[in-house]
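One letter stands for each residue in the lines below.
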Amino acid sequence: SKKDLMKPIKQSDGTLLTPFQQAKRYSAELPYSQRPRWIVTCNFQEFHVYDMEQPGGTPEVILLLPLLTAVGTVTGFLNGIIVNLASRSLKSYLTARRV
């Protein structure tokens with residue numbers, strides 16, 4: 001089942017934190033120079049991307065299925081172009097060899 005990334009989860013210390021709050025708490029313990037610009041939470045169906053330059057802002061939500069579909073479409077398109085170019089190159093080469 002899909003975990004709600006906005007729902008608090010009970011931590012080992014008993015506090016209730018969302019995945020973002022948990023990551024933010026972890027980040028706050030890092031030396032300032034090692035703190036992340038972005039915090040990303042994921043439930044393998046959606047990603048929530050938080051820009052820490054705007055820590056109170058709402059996350060950019062990226063749904064995985066449409067992303068995979070888009071990548072597959074682009075990959076298929078690029079593969080088609082590569083096959084087409086390779087086919088043309090082979091035809092040109094064979095035509096040149098016959099002359």
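Above this text is the structure in question.
Here's a quick rundown of the structure. Keep in mind it's a predicted model, so treat the numbers as computed, not measured.

This next bit is on the sheet that holds strand β4 (residues 46–51). Ordered in space as β3-β4-β5, the three strands form an open sheet in which the pairing is antiparallel. Each edge of the open sheet carries a strand with a single partner, namely β3 (38–42) and β5 (60–63). Strand after strand, the sheet turns through a mean of 20 degrees between neighbouring axes, direction not considered. Where β3 and β4 come together, five bridges link them in antiparallel fashion. The partner of W38 across the bridge, within β4, is D51. The strands that helix α1 (residues 19–28) touches are β3 and β4; relative to β3, the one it contacts most, it runs at about 140 degrees.

This part is about the pattern of salt bridges. Pairs can form between side chains of opposite charge once their charged atoms are near each other. Considering all chains together, one arrives at two salt bridges under this definition. Between R25 and D13 there is a salt bridge, with its nearest N and O atoms 3.1 Å apart. Residue R25 is found in helix α1, and its partner D13 is found in the loop between β1 (9–10) and β2 (16–17); the two are separated by 12 residues along the sequence. For R37, the salt bridge is made with D51, and the minimal N-O distance between the two is 2.7 Å. Of this pair, R37 sits in the loop between α1 and β3 while D51 is found in strand β4, placing the two residues 14 residues apart along the sequence. You can call R37 partly exposed: its relative accessible area is 40%.

Accessibility expressed as a relative area gives 19% for D51, which makes it buried. Linking D51 and P36, residues 15 residues apart in sequence, is a C-alpha distance of 9.1 Å. The contact partners of D51, leaving out residues within four places of it in the chain, are R37 and W38. In this structure the side chain of D51 is engaged in a polar contact, spanning 2.7 Å, whose partner is the side chain of R37. Within the structure, the side chain of D51 is placed 2.9 Å from the backbone nitrogen of E53, a separation counted as a polar contact.

Criteria and thresholds
- Residues numbered from 1 in each chain as written.
- Predicted model: local features only at pLDDT ≥ 70, side-chain atom pairs only at ≥ 80, totals over all residues.
- Heavy atoms only, no water.
- Pairing = 2+ DSSP bridges.
- Helix = DSSP H or I, 4+ residues; strand = E, 2+ residues; numbered from the N terminus.
- Axes fitted to C-alpha atoms, helices over the stretch in contact; angles between N-to-C directions.
- Contact = heavy atoms within 4.5 Å.
- Salt bridge = Lys/Arg side-chain N within 4 Å of Asp/Glu carboxyl O.
- Buried < 20%, exposed > 50% of the residue type's maximum accessible area, 1.4 Å probe, protein only.
- Polar contact = N/O pair within 3.5 Å; in protein donor to acceptor, adjacent residues only side chain to side chain.

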